[in-house]
Amino acid sequence: MNIQALINTAKMLVADDKGLLAMDESNPTCNKRFARLGIPQTVDARRAYRELLITTPNLGVCISGAILYDETIRQTTSKGIPFVQAVIDAGIIPGVKVDAGAKDMAGHPSEKVTEGLDGLRERLKEYAQMGLRFAKWRAVIVIEEGLPSRACIEANAHALARYAALCQEAGLVPIVEPEILMDGEHTLAQCLAVTEQVLHTVFDQLHTQGVALEGMLLKPNMVLPGLSCSRQQNAEEVAEATVRCFLRAVPAAVPGIVFLSGGQSAELATARLNAMNMRFKSCAPWALSFSYGRALQQPAMAIWSGQIANVKAAQQALLHRAQCNRAACRGEYSE
Ligand code: 13P
């Protein structure tokens, strides 16, 4: 294992106040989003859409890495260029989602455990040969009455750590994503307590499995009140709670925290990241950046709506969100 190469890649992914574009929706998730906008749910529509994203002029100025889906890395652009190469040509580091999805957990109604460890070593070897430099694995945790259970937190943390160790063995930087969902009536304080517990468990498992923290990135949720909670804190309060939680639970050796957007509006995801960097950029031990899916893509996807004539306008919308989020990484975003 070449640790220095992993460290260099992890650092590059959060250098220059850039962040990541998550464009790794599984086929069912991508199809669901297309269906809502009346876009055909076909292999070619997904290919055309991903080509639109990745060929956005100047995207590499704000985006350091793109997380792709297995289907995409085996496709070519309309000019016949393999997607991985097209990403590299855009000055962006290519990565891939490698988990097999969150599945119902035995004996734990409402809870999920992410699968995909079987055969992962062989798949990672192929991904590394294809030129991919990093990977992503997402675990999902819910907050409900009496949940999450210890069983769910521990099973997911263990899988994340085993995935991360296999990635580093294969020369890929693991992005470790434990996502606590926003759905529910829980308060910001409850989200803080659960996030802290989950992160402690994840880092304990990463340590046990011998993962080099310098050669990985953490992709967490922000500390937020549930979507149905009556008290919704402002961006400054969210920033304060989020960074306080991470200062307690995330070792300083981790080079970067790249947040998921998790269903926040594009504007809120940017404003909250901005508030974190305005206040904490100068003192936080890790970069605070983004790895957004919906918060980067949603406006662009809606403008595109499957029409070739809308490609340029959709690309402008994507570039705009990417620029806003890069400004947020500097604490310099204004609406
Ligand atoms: P969202 O930003 O839409 O939550 O997607 C990020 C992601 O990669 C989820 O795994």
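Heads up: the structure comes first, above all this text.
Position numbers for residues count from 1 along each chain, tracking the sequence in the order it is written. Local features in a predicted model are, by the rule used here, given only for residues with pLDDT of at least 70; side-chain atom pairs are given and counted only at 80 or more, and totals for whole chains, interfaces and linings are based on all residues. Side-chain measures here rest on the full set of heavy atoms in the structure, leaving out hydrogens and waters.

**Things to note about the site of the ligand**
Throughout this document, a residue counts as near a molecule or strand when at least one of its heavy atoms sits within 4 Å of that molecule or strand. Around the ligand, a shell composed of 13 residues is seen, among which Lys-136, Lys-219, Ser-261, Gly-262 and Arg-294 lie nearest. Of the residues in the shell around the ligand, the class split is three nonpolar, four polar and six charged. In this count, Pro and Cys sit with the nonpolar residues alongside Ala, Val, Leu, Ile, Met, Phe, Trp and Tyr, while Asp, Glu, Lys and Arg are called charged and the others, Gly among them, polar.

**Some thoughts on the nonpolar core**
Of all hydrophobic cores here, the largest spans 102 residues; its most connected members are Tyr-163 and Leu-206. Contacts are residue-level and defined by heavy atoms, with any inter-residue pair within 4.5 Å sufficient. In this structure, Leu-206 is in contact with Ala-161, Ala-164, Val-176, Val-211, Leu-213 and Met-216, ignoring residues within four places of it in sequence. Leu-6, Leu-13, Val-14 and Val-258 belong to the second-largest nonpolar core, a separate cluster that totals 13 residues. Residue types Ala, Val, Leu, Ile, Met, Phe, Trp, Tyr and Cys, when buried and joined through side-chain atoms within 4.5 Å, form a set referred to as a nonpolar core. Burial classes follow relative accessibility: with a 1.4 Å probe on protein chains only, a residue under 20% of its type's maximum area counts as buried, one over 50% as exposed, and anything between as partly exposed.

**Thoughts on helix α11 (residues 294-304)**
Counting from the N terminus, the helices are DSSP H or I runs at least four residues long and the strands are E runs at least two residues long. Among all positions in α11, only Ala-295, Leu-296, Gln-297, Ala-300, Met-301 and Trp-304 are buried. Following α11 by one or two positions, Ser-305 adopts a phi angle in the positive range, close to 50°.

**Topic: the packing of helix α8 (residues 188-208) against helix α9 (residues 235-249)**
Lines fitted to C-alpha atoms define the axes here, with helix axes fitted over just the stretch in contact, and angles between the N-to-C directions of these axes take values from 0 to 180 degrees. α9 packs onto α8 with a crossing angle of 25° between their chain directions and a minimal axis gap of 9 Å. With respect to α9, the axis of α8 lies roughly parallel. Relative to α9, α8 is oriented so that their crossing is right-handed. The segment α8 lies against α9, with Leu-188, Leu-192, Thr-195, Glu-196, Leu-199, His-200 and Phe-203 engaging Val-238, Ala-241, Arg-244, Cys-245, Phe-246, Arg-248 and Ala-249. Its residues placed into classes, the contact of α8 with α9 shows nine nonpolar, two polar and three charged. Orientation is classified from the angle alone, with under 35 degrees giving roughly parallel, over 145 giving roughly antiparallel, 65 to 115 giving roughly perpendicular, and any other angle giving oblique. Crossings are assigned a handedness: left-handed for a near helix turned anticlockwise from the far helix by less than a right angle, right-handed for a clockwise turn.

**Digging into the pattern of salt bridges**
Salt bridges are counted wherever a side-chain nitrogen of Lys or Arg sits within 4 Å of a carboxyl oxygen of Asp or Glu. As enumerated under the stated definition, the model contains 21 salt bridges in all. Across the salt bridge formed by Asp-70 and Arg-74, the nearest N and O atoms sit 2.9 Å from each other. It is possible to trace a salt-bridge network through shared partners that takes in Asp-24, Lys-97, Lys-136 and Glu-177.

**Some remarks on the side chain of Asp-17**
The residue Asp-17 is located in the loop between α1 (3-13) and β1 (19-22) in this model. A residue is classified by how much of its surface remains accessible, and Asp-17, at 19% relative accessible area, is buried. The definition of a polar contact used here is a pair of N or O atoms within 3.5 Å, where within protein one atom must be able to donate a hydrogen and the other to accept one, and adjacent residues in sequence count solely through side-chain atom pairs. For Asp-17, the side chain forms a polar contact with the side chain of Lys-281, separated by 2.7 Å.

**Digging into helix α7 (residues 150-170)**
Multiplying 1.5 Å by the residue count of a helix minus one yields the expected span of that helix. Between its first and last C-alpha atoms α7 spans 30 Å; for 21 residues at 1.5 Å apiece the expected length is 30 Å, and the two agree. Every buried residue of α7 is accounted for by Cys-152, Ile-153, Asn-156, Ala-157, Ala-159, Leu-160, Ala-161, Tyr-163, Ala-164, Leu-166, Cys-167 and Gln-168.

**A word on unusual backbone geometry**
Pro-148 follows Leu-147 through a cis peptide bond whose omega is 10°. Note that Pro-148 resides in the loop between β6 (134-141) and α7. Of note in this structure, Asp-16 is not a glycine but carries a positive phi near 60°. Phi angles above zero are rare outside glycine, and Ser-110 is one such case at about 75°. Relative to the elements of secondary structure, Ser-110 occurs in strand β5 (residues 108-114). Here Ser-110 falls in the partly exposed class, since its relative accessible area comes to 44%.

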